[in-house]
Amino acid sequence: MIRIFKVAVFILCLVPLGLLAWRFFGAHPTDMTNWGVGLGPNPVEALEHGTGDWTLRFLLITLAITPLRKLLRVPALVKFRRMLGLFAFFYGCLHFATYLWVDKFFNVHEILADIVKRKYITVGFLAFVLLIPLAVTSTTGWIRRLGGKRWQALHRLIYFSAIAGVIHYLWLVKADIHKPLEYGAVLAVLLAYRVFVWQRQLFAARSAVTTLPRKIAVE
Amino acid sequence: MLIKSSSPSDARPSEITPRDLYLNRRKFLAGVGLSAIAAAGVGTLLSPAEKAMATDQITGLQKSPFSTTEKITPMNDVTHYNNYYEFSSEKDEPASLAKNFKSHPWTVSIGGAVPKKLKWDLDEVLKFAPPEERIYRLRCVEGWSIVVPWIGFSLSEVIKRAQPLSKAKFVEFTSINDPGQMPGQRQRMLDWPYTEGLRMDEAMHPLTLLCFGMYGGSLANQDGAPLRLIVPWKYGFKSAKAIVKISFVEHQPNTTWNEANPHDFGFYSNVNPNVERYHSQASEHRLGEFRPRPTLMFNGYDQVAGLYSGMDLAKNY
């Protein structure tokens, strides 16, 4: 049953790419002169924004899995987390590739200058780089090799990747910060949930320590 | 495309049908159901879609030596990819949001250091000089560029008639403030109304165009109708749209984008591949081209270099 769901989710995750490709290649995919026309007057920008948007969306969807499975009491949701996280990385790769190829045409000089000098590109690059170790260690083998605790600690990097991703968007817009703030608001809720859980655990642990001797004393 | 060469048989400026009369005639034709016949006469070289968009034709266009011979960007791109924050920050939205914008009647007020404050009706302004077609490159600070056949005449024609006093060193342009018609102005993205400015010598430069038309017809609403500025050697945001006021001032005026982000958007904002602020400005994407092309100093308009001799353009960006 879960296998069927996994296949369905996998296909669903490819829909945004399919739509972008559909618009890019248009009605006559063999006619190269027509490529990009379906993406509007500036296909380069449309590809860059499309892949960037979906990277952020998949990061947020991945981060929503843990709160949702606890709040909705559907533990099986965790079985989709790795796939969704890898799709975030996949769209991040497409986004980065679009920048390297269609935007900068592999102009190494310009790309390096961008990463060093332009803070929105620096932080975007950071968001992407932080996802690489997570993608690499996403396999069951790596979880075993690192041990659950260490693996979990490493994968908290996704919080910083998502924060960097939202800042990347916030810094790149010229004046209308409406959309990056929407992503920021969702991310804030998802992170606030973790802070809340962490605080509660901390409180529970502390009260456990303080109540323990008293219990003994009473007995 | 309408590119008329000025041969002796061409209409003299005095023979050009005034635009208001022309528009009235079009209304009349529409009234008696002959609009299709009138439309058939519009720009035989335009594509069908462009013909449908060119609602009226500006006759007696003069050719300009400033025009580039580069491939003109399709009109559909120029009318559906607009940075016009008064309507929306999304470039595909002004086309529909500006559909019912009222660009007629229109008054332009002249103020500041002038012997007499003036209010000109747009139709009056359009008679100051014969309309020229100028095919200019336009480079956006975001890294894309277009080639557009604008219609207008040098801004200096207006400045001459305003007779600014010698103490006026800058010209300030104010765009319309009308949140009722412009949904973007109901949000506080920028400080409305939009203002822009030029140094007097920049404003007097023959390249600086007071623009009221494009692609053989009048300006599309989403492209800044009915009256805008085109300063081809500066980033696009310097070319204010829907201008209602021109003021002659002593000091460098505040400009909208400069106020919003002084670090990224300087007062001069000359196209300069060597000065990187908001973006790397070394290359650009010409709409319709896949490979980026190198950005040229002053957007290729080298004749303006003299305006900035002795200035450090890395500091005065």
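Residues numbered from 1 in each chain as written. Chains lettered and ligands numbered in written order. Predicted model: local features only at pLDDT ≥ 70, side-chain atom pairs only at ≥ 80, totals over all residues.

S.K.: What is the right way to read the overall build of chain A from this model?
M.R.: Scanning chain A for helices and strands turns up nine helices and zero strands. For chain A, the sequential pattern of α-helices and β-strands runs α-α-α-α-α-α-α-α-α. Its C-alpha atoms give chain A a radius of gyration of 21 Å, clearly above 17 Å, the size a compact globule of 219 residues would have. The principal-axis extents of the C-alpha atoms in chain A amount to approximately 85 × 45 × 35 Å. Across the 219 residues that make up chain A, the buried fraction comes to 22%. Sequence separation of at least 24 residues holds for 62% of the intrachain contacts in chain A that already meet a minimum separation of 6. (Helix = DSSP H or I, 4+ residues; strand = E, 2+ residues; numbered from the N terminus. Rg over C-alpha atoms; globule rule 2.2 N^0.38 Å. Buried ≥ 20, exposed ≤ 12 C-beta atoms within 10 Å, placed from the backbone. Contact = placed C-beta atoms within 7 Å.)

S.K.: Sorry if this is basic, but what is going on with the interface of chain B and chain A here?
M.R.: Size of an interface: often given as the accessible area lost when the parts come together. Counting residues at the interface gives 19 residues for chain B, matched by 13 residues for chain A. Class assignment for the residues of the side of chain B that touches chain A results in 10 nonpolar, five polar and four charged. (Nonpolar A, V, L, I, M, F, W, Y, C, P; charged D, E, K, R; others polar.)

S.K.: What is the right way to look at the packing of helix α3 (residues 81-103) of chain A against helix α5 (residues 119-136) of chain A in this model?
M.R.: Each packed pair of helices is defined by two parameters, the angle between the axes and the distance between the axes. Residue and element names in this part refer to chain A. In contact at an axis separation of 10 Å, α3 and α5 are set at 135° when each is read in the N-to-C sense. In terms of axis orientation, α3 runs oblique to α5. In this structure, α3 meets α5 at a crossing whose hand is left-handed. Listed contacts from α5 to Gly85, Leu86, Ala88, Phe89, Gly92 and Phe96 of α3 are Phe128, Leu131, Leu134 and Ala135. Taken together, the residues that form the contact of α3 with α5 break down as eight nonpolar, two polar and no charged. (Axes fitted to C-alpha atoms, helices over the stretch in contact; angles between N-to-C directions. Parallel < 35°, antiparallel > 145°, perpendicular 65-115°, else oblique. Left-handed = near helix turned anticlockwise from the far one by under 90°.)

S.K.: Explain the environment of B:Tyr317 to me, please; I cannot follow it from the model alone.
M.R.: All names here are of chain B. Among the secondary structure elements, Tyr317 is positioned in the segment after β13 (293-294). Of the residues examined, Tyr317 has 19 C-beta atoms within 10 Å and is grouped as partly exposed. For the pair Tyr317 and Met189, spaced 128 residues apart in sequence, the C-alpha separation works out to 23 Å. Beyond its immediate sequence surroundings of up to four residues, Tyr317 is in contact with Gly266, Tyr268, Asn272, Val275 and Arg277.

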